[in-house]
Amino acid sequence: VLAAPAILLALLLTLVLSHFLPLLLNPKAPRGSFGWPLVGETLRFLTPHASNTLGSFLEDHCSRYGRVFKSHLFCTPTVVSCDQELNHFILQNEERLFQCSYPRPIHGILGKSSMLVVLGEDHKRLRNLALALVTSTKLKPSYLGDIERIALHIVGSWHGKGGNITFCEEARKFAFSVIVKQVLGLSPEEPVTAMILEDFLTFMKGLISFPLRIPGTPYAKAVQARERISSTVKGIIEERRKADCCKRDDFLNVLLSTDELSDEEKVSFVLDSLLGGYETTSLMISMVVYFLGQSAQDLDLVKREHQGIRSTKAKEECLSSEDYKKMEYTQHVINEALRCGNIVKFVHRKALKDVRYKEYLIPSGWKVLPVFSAVHLNPSLHGNAQQFQPCRWEGPSQGTSKKFTPFGGGTRLCPGSELAKVEAAFFLHHLVLNFRWKIDGDDIPMAYPYVEFPRGLPIEIEPICSES
């Protein structure tokens, strides 16, 4: 009769000890708190907040403990860094002192060969291939032509829509059409494209859901959707191999020509490319439209820049790489939207050994979270940090400093970041020359911690007839 309570008590004591023991064993770790056993402070850390703010958890902890503090997050003792210098130190010491360490459920849904989760030489090999693809693609006329054609198709479809659109949906259509064309050589009209998109939307919902692998849950559906996408991509690969004489100018053709990757890695590489090119790019474009919709002065400056570019070209002439280089203020706007919007709030790392940095000790095995948004919104680094001010990026090398890391840094800097900026700039070109818009209602970007507009950013649009 007494056995059950005794066992329960022993389990509770074990739980409490395992939770608080790291505190006792590491007295020189940064100041902070661990919260309750099992959940720690994770729920408070993940409390939704506007993405252009720190949120109550970080504000409270930074004021109480400083910009570097300890906590217990994602079931693990954690050091949280809101410090510019420490964040840079962490990112620059990947695989030496720190290692990528995403929660296990992320591995389950992305796959063991995903560039986001692989380590060491495997990651280096995949990243080098990604960089080579991006470099060869970036200013290729066919790539720029594809972006412009798709942008014109999306923007042109708004005529006759009654003046109201859900912009995030439109941005996703654009970004997905571009990345599917670039990676797999598929046009938006092909049936297989619609099939991949449907599965990809299910995949995305599961990626940000509670990791419960029970039939019917978003997480379980996402795992199944990934398997279907993998099967579809494998089928496309087999068709390409059979039609060896029919070479296409896309990522997949390059992948098929290399012997460095297994078929599983090639499929995973395609999925990573779709993920990066779809969600991040579409959200970045939505952020630009959101912030410009609140700043008539900056919108006017962007419009004047693109009118100047268009005035030098024939009516139907396509944009070129030289035109992109002239979009200087547009780049300032994109950088400022990334700084204010904080699409990537933080990344997951783990200390490989005891790390001493200045007065801080980061114990071996502890999770480390460099929080990029805390640096982007730090008023001592960015004057009037809460204000959208693209002019702050004027001057050499402003967009490549330690205080601005919208795409991460070090050896895990997003290889496709420049492609995303090209796509955003080309889309914006046709948007500002063809439409006026204003935000319909009070939708704002929210961090859950993934960032999204709860209502999908509804906007009211009005054609500019004389410049269409």
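Source: prediction; values computed, not measured.

Undergrad: Looking at this structure, I do not really get the UniProt feature "binding site: heme" (unreviewed entry) in the protein chain. What am I missing?
TA: The feature "binding site: heme" (unreviewed entry), as given by UniProt, occupies Cys-414 in the numbering adopted here. With near-sequence residues (within four places) excluded, Cys-414 lies in contact with Arg-127 and Phe-407.

Undergrad: Would you mind showing me how to read helix H7 (residues 141-156) here?
TA: Since there are 3.6 residues in each turn of an α-helix, residues three or four apart along the chain are aligned in direction. For H7, which comprises 16 residues, the first-to-last C-alpha distance of 22 Å matches the rise-based estimate of 22 Å (1.5 Å per residue) to within 8%. Of the positions making up H7, those classed as buried are Tyr-143, Leu-144, Gly-145, Asp-146, Ile-147, Glu-148, Ile-150, Ala-151, Ile-154 and Val-155. In this structure, the buried side of H7 is in contact with helix H6 (120-137), helix H8 (167-184), helix H13 (296-311), helix H14 (321-325), helix H17 (417-434) and strand E10 (435-439).

Undergrad: Is there a simple way to think about the pattern of salt bridges in this case?
TA: If the charged atoms of two oppositely charged side chains come close together, the side chains can form a pair. In the structure shown here, the tally under the stated rule is 22 salt bridges. A salt bridge links Arg-241 to Glu-238, with the shortest nitrogen-to-oxygen separation between them at 3.4 Å. Highlighted residues: Arg-241 and Glu-238, both in helix H10 (residues 218-242), separated by 3 residues, approximately one helical turn. Classification of Arg-241 as partly exposed rests on a relative accessible area of 34%.

Undergrad: Can you help me understand helix H15 (residues 328-341) in this one?
TA: Its 14 residues place the ends of H15 20 Å apart at the C-alpha level, agreeing with the 20 Å of an ideal helix rising 1.5 Å per residue. Within H15, 13 of the 14 residues are buried, which leaves it mostly tucked inside the rest of the structure.

Undergrad: I keep staring at the nonpolar core and nothing clicks. Help me out?
TA: Side chains that are nonpolar tend, in soluble globular proteins, to be buried together. Trp-158, Phe-167, Phe-174, Leu-292, Phe-427, Trp-437 and Leu-457 are the most contacted members of the largest nonpolar core, which totals 61 residues. Residue assignment for this core shows that the elements contributing at least two residues are H7, H8, helix H12 (263-292), H13, H15, H17, E10 and strand E13 (458-463). It is H17 that provides the largest number of residues to this core, a total of 11 residues. The next biggest cluster of nonpolar side chains, apart from the first, holds 45 residues, and it includes Ile-106, Leu-110, Leu-255 and Val-347.

Undergrad: Can you walk me through the sheet that holds strand E11 (residues 446-447) in this structure?
TA: Within a sheet, adjacent strands bond to each other through the backbone by hydrogen bonds, running parallel or antiparallel. One open sheet accounts for 3 strands, arranged E1-E11-E12; its pairing is antiparallel. Of all strands in the sheet, those with a lone pairing partner are strand E1 (49-50) and strand E12 (451-452), marking the two edges.

Undergrad: Could you clarify how one ought to interpret the environment of Arg-392 in this entry?
TA: Turning to its location among the elements, Arg-392 is positioned in the loop between helix H16 (372-376) and H17. Residue class for Arg-392 comes out buried when judged on its relative accessible area of 16%. Arg-392 sits 10 residues away from His-382 along the chain, and the two C-alpha atoms are 8.3 Å apart. A polar contact is formed between the side chain of Arg-392 and the backbone oxygen of Gln-387, at a distance of 3.2 Å.

Undergrad: Is there a simple way to explain empty space enclosed by the protein in this structure?
TA: Applying the stated criterion to the full structure yields 2 cavities of 30 Å³ or more. In this model, the largest cavity occupies a volume close to 50 Å³. As for the largest cavity, its lining consists of Cys-168, Arg-172, Glu-279, Ser-282, Leu-283, Ser-286, Val-451, Glu-452 and Phe-453. For the lining of the largest cavity, the elements supplying multiple residues, two or more each, are H8, H12 and E12. In terms of residues, the lining of the largest cavity owes the most to one element, H12, which gives 4 residues. In the lining of the largest cavity, the residues fall into 4 nonpolar, 2 polar and 3 charged. In this structure, the second largest cavity occupies an estimated 30 Å³ of space.

Cut-offs used in this document
- Along each chain, the written sequence defines residue order, and numbers are assigned to residues from 1.
- Local features are withheld for residues below a pLDDT of 70 in this predicted model, meaning they are given only at 70 or higher, and side-chain atom pairs are given and counted only at 80 or more; totals for whole chains, interfaces and linings count all residues.
- Derived side-chain values reflect all non-hydrogen atoms in the structure, with water molecules and hydrogen atoms excluded from consideration.
- UniProt positions are given in the numbering used here, feature names are shortened, and annotations may be inferred rather than shown by experiment.
- Contact criterion: two residues are considered in contact whenever any of their non-hydrogen atoms come within 4.5 Å of each other.
- Here a helix means four or more residues in a row that DSSP labels H or I, a strand means two or more in a row labelled E, and each is numbered from the N terminus.
- One fewer than the residue count of a helix, multiplied by 1.5 Å, yields its expected span.
- Exposure categories follow from relative accessible area, calculated using a 1.4 Å probe and restricted to protein chains: below 20% of the type maximum is buried, above 50% is exposed, and the middle band is partly exposed.
- When a carboxyl oxygen of Asp or Glu is within 4 Å of a side-chain nitrogen of Lys or Arg, the pair counts as a salt bridge.
- Grouping buried Ala, Val, Leu, Ile, Met, Phe, Trp, Tyr and Cys residues that are joined through side-chain atoms within 4.5 Å yields what is termed a nonpolar core.
- The pairing criterion for strands is at least two bridges between them, as found by DSSP.
- Here a polar contact means two N or O atoms within 3.5 Å. Within protein one must be a hydrogen donor candidate and the other an acceptor candidate, and residues neighboring in sequence count only if both atoms are side-chain atoms.
- Here the term cavity refers to a set of points on a 1 Å grid, laid over the protein atoms alone, in which a 1.4 Å probe fits but cannot get out; the term pocket refers to an open set having protein on both sides within 12 Å along at least five of seven lines, with lining residues being those that place an atom within 4 Å of a point.
- Grid points are joined across faces, edges and corners, and a volume is the space filled by probe spheres set on the points.
- Here the term charged refers only to Asp, Glu, Lys and Arg, the term nonpolar to Ala, Val, Leu, Ile, Met, Phe, Trp, Tyr, Cys and Pro, and the term polar to all other amino acids, Gly among them.

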